[in-house]
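Here is what each chain is made of, one letter per residue.
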Amino acid sequence: MNNKSDEVRADFYRRIDQHHLFPLWEQLHNLVPKEPADACIGALWRYRELRPYLTEAGRLITAEEAIRRVLVLENPAIRGAASITTSLYAGLQMILPGEIAPSHRHSQSALRFVVEGRGAFTAVDGERTTMEPGDFIITPSWTWHDHGNPTEAEGGEPVIWLDGLDIPMVRFFGAGFAENYEEPVQPLTRPEGNSLARYGMNLLPVRHASRSKTSPIFNYPYSRTRETLDTLLRQDQVDPWDGVKMRYINPQTGSWAMPTIAAFMQILPRGFSGQTYRNTDATVFSVVQGKGSVSIAGQRHEFEARDIFVVPSWAAVSFHANEECVLFSFSDRPVQEALGILRESRETH
Ligand code: GTQ
């Protein structure tokens, strides 16, 4: 009796559509899917192919005019969204000798992962840090930050890093604010290395009581990260899925370095053939060292140093290392954890 004909239903749908309404029962399976159906797909960017475009961008516009000279990496399945995953943004930023990228701040949190070149600096809330390949640098929400590079005469060289920001997530929440500093370069209030000495040596100043959501360390130098991975690779059992994988932490809390973005570094021994896993946190990888391949949802991508690839939510992923490989990665894991929706699955075969 309640089973009306298709035409009667279609007529009903048309009439309610005028009032911006639609019937849930036609969409329920899409809105509440059995398992994640990520709009994003797995993709890999070859650094060797991208690098010439950065050189070209360097001739096209100065860092100062561009504010940030960045080529944005867009997930091929959601072009136009400035997103590499549904929640995260990634871009390759270049700063040439003698250039500055002027000071600003925004509610979006950012990480930098240095891919090529050394000697440029980022200043965060009054302290500068010199960038070296493999360094993991954060600019937490609402902190003033500018970037610069010594002139060629001072030994400056082009420096390129991967930017990871929570731009799509903050846009989703409608919580984005930004402002420019009144000067291009912010004043320095602490000498270089101060944050690392205070907070990055397994010590805290004796009366330090803050447990802020963001780490007080803003450069996690690659030399120390690498030494840790090398030691553990020699001494510990290699995880069949991850190799040796560590996470960057906020030393005040043991939690993530920033509240919206998690970052990781892992090493895979030569010949490693990893088991398959899935995570709900879609993840962006930057290859630090080594040749290998990653299988993402059944598709194999070969990678080499400086390549970037993205794994969508709940895609089956496994690694193979032809040589010893070091991989940096980041995801929205802190948010999913805080909300209680993070899921992981590790398959054995
Ligand atoms: O360096 O402040 O890739 O504000 C996008 C937005 C970098 C930055 C990006 C930004 C920055």
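Being a predicted model, the structure only gives us computed values, none of them experimental. (Residues numbered from 1 in each chain as written. Predicted model: local features only at pLDDT ≥ 70, side-chain atom pairs only at ≥ 80, totals over all residues. Heavy atoms only, no water.)

1. A few points about the side chain of Ser-318
Reasoning step 1: Inspection of the secondary structure puts Ser-318 in strand β20 (residues 317-321).
Reasoning step 2: A relative accessible area of 15% means that Ser-318 is categorised as buried. (Helix = DSSP H or I, 4+ residues; strand = E, 2+ residues; numbered from the N terminus. Buried < 20%, exposed > 50% of the residue type's maximum accessible area, 1.4 Å probe, protein only.)

2. A look at the layout of surface pockets
Reasoning step 1: Taken as a whole, the largest pocket encloses approximately 750 Å³ of empty space.
Reasoning step 2: Lining the largest pocket are 25 residues; nearest its centre among them are Thr-86, Thr-280, Ser-313, Gln-336 and Ile-341.
Reasoning step 3: Breaking the lining of the largest pocket down by element, the ones donating at least two residues are α5 (167-173) and α8 (333-339).
Reasoning step 4: No other element matches α5, which puts 4 residues into the lining of the largest pocket.
Reasoning step 5: Of the residues contributing to the lining of the largest pocket, the split by class is 14 nonpolar, 6 polar and 5 charged.
Reasoning step 6: When its volume is computed, the second largest pocket comes out at roughly 580 Å³.
Reasoning step 7: Lining the second largest pocket we find 21 residues, and of these Gly-200, Tyr-220, Arg-224, Thr-228 and Ile-249 sit closest to its centre. (1 Å grid on protein atoms, 1.4 Å probe; cavity = no way out; pocket = protein on both sides within 12 Å on 5 of 7 lines; lining within 4 Å. Points joined across faces, edges and corners; volume = space filled by probe spheres on them. Nonpolar A, V, L, I, M, F, W, Y, C, P; charged D, E, K, R; others polar.)

3. Points about the sheet that holds strand β10 (residues 159-165)
Reasoning step 1: With antiparallel pairing, the 6 strands of this open sheet are ordered in space as β2-β3-β10-β5-β8-β12. The open sheet terminates on both sides in strands that have one partner only, identified here as β2 (70-72) and β12 (219-220).
Reasoning step 2: Of the strand pairs in this sheet, strand β5 (residues 110-116) and β10 are connected by 6 bridges, and their pairing is antiparallel. Residue Ala-110 lies in a different strand from β10, and its bridge partner there is Leu-165.
Reasoning step 3: Across the sheet, helix α3 (residues 47-60) lies against β2, β3 (89-95), β5 and β10, angled at about 55 degrees from β3, the strand it touches most. (Pairing = 2+ DSSP bridges. Contact = heavy atoms within 4.5 Å. Axes fitted to C-alpha atoms, helices over the stretch in contact; angles between N-to-C directions.)

4. A few points about the site of the ligand
Reasoning step 1: Every residue close to the ligand is listed here: Arg-68, Val-70, Tyr-89, Gln-93, His-104, His-106, Arg-112, His-145, His-147, Asp-163 and Leu-165.
Reasoning step 2: Contacts to the ligand include Arg-68, whose side-chain N or O atom sits 2.8 Å from an oxygen atom.
Reasoning step 3: At a separation of 3.3 Å, an oxygen atom of the ligand approaches a polar side-chain atom of Gln-93.
Reasoning step 4: Look at the ligand: alone it shows 290 Å² of surface, and the protein chains cover 89% of it.
Reasoning step 5: Among the secondary structure elements, those contributing two or more residues to the shell around the ligand are β3, β4 (100-106), β9 (145-148) and β10.
Reasoning step 6: Of the residues belonging to the shell around the ligand, the class tally is 3 nonpolar, 5 polar and 3 charged. (Near = heavy atom within 4 Å. Polar contact = N/O pair within 3.5 Å; in protein donor to acceptor, adjacent residues only side chain to side chain. Areas by Shrake-Rupley, 256 points an atom, 1.4 Å probe, with all protein chains shown as cover.)

5. Section: the packing of aromatic side chains
Reasoning step 1: Enumeration over the complete set of coordinates arrives at 16 aromatic pairs.
Reasoning step 2: Residues Tyr-220 and Tyr-248 carry aromatic rings whose centres are separated by 5.4 Å and whose planes lie at 85 degrees to one another, so their mutual orientation is edge-to-face. Separated by 28 residues along the polypeptide, Tyr-220 in strand β12 and Tyr-248 in the loop between β13 (244-247) and β14 (262-268) bring together distant segments of the chain.
Reasoning step 3: Exposure remark for Tyr-220: the relative accessible area of 10% places this residue in the buried category.
Reasoning step 4: Ring centres 5.6 Å apart and planes at 70 degrees place the aromatic pair Trp-256 and Phe-264 in the edge-to-face group. Here Trp-256 and Phe-264 have matching classes, each one buried. (Phe/Tyr/Trp six-rings, centres within 6.5 Å; stacked < 30°, edge-to-face > 60°.)

6. Examining the UniProt feature "domain: Cupin type-2" (unreviewed entry) in the protein chain
Reasoning step 1: Here, UniProt's "domain: Cupin type-2" (unreviewed entry) annotation points to residues 92-153.
Reasoning step 2: Here residues 92-153 is 0% helix and 55% strand, with 25 Å between the C-alpha atoms at its ends. (UniProt positions renumbered as here; feature names shortened; annotations may be inferred.)

7. Quick word on the sheet that holds β13
Reasoning step 1: Spatially, the 6 strands line up as an open sheet ordered β1-β19-β16-β21-β14-β13, and their pairing is antiparallel. Taken across any chain shown, the strands that pair with only one partner, and hence form the sheet edges, are β1 (43-45) and β13. Neighbour-to-neighbour, the strand axes of this sheet turn through a mean angle of 20 degrees, independent of strand direction.
Reasoning step 2: Here β14 runs beside strand β21 (residues 325-331); their pairing, made up of 7 bridges, is antiparallel. Each residue of the ladder has a partner; that of Ala-263, found in β21, is Phe-330.
Reasoning step 3: This element, helix α7 (residues 222-235), spans β13, β14, β16 (283-289) and β21 of the sheet and lies at about 50 degrees to β14.

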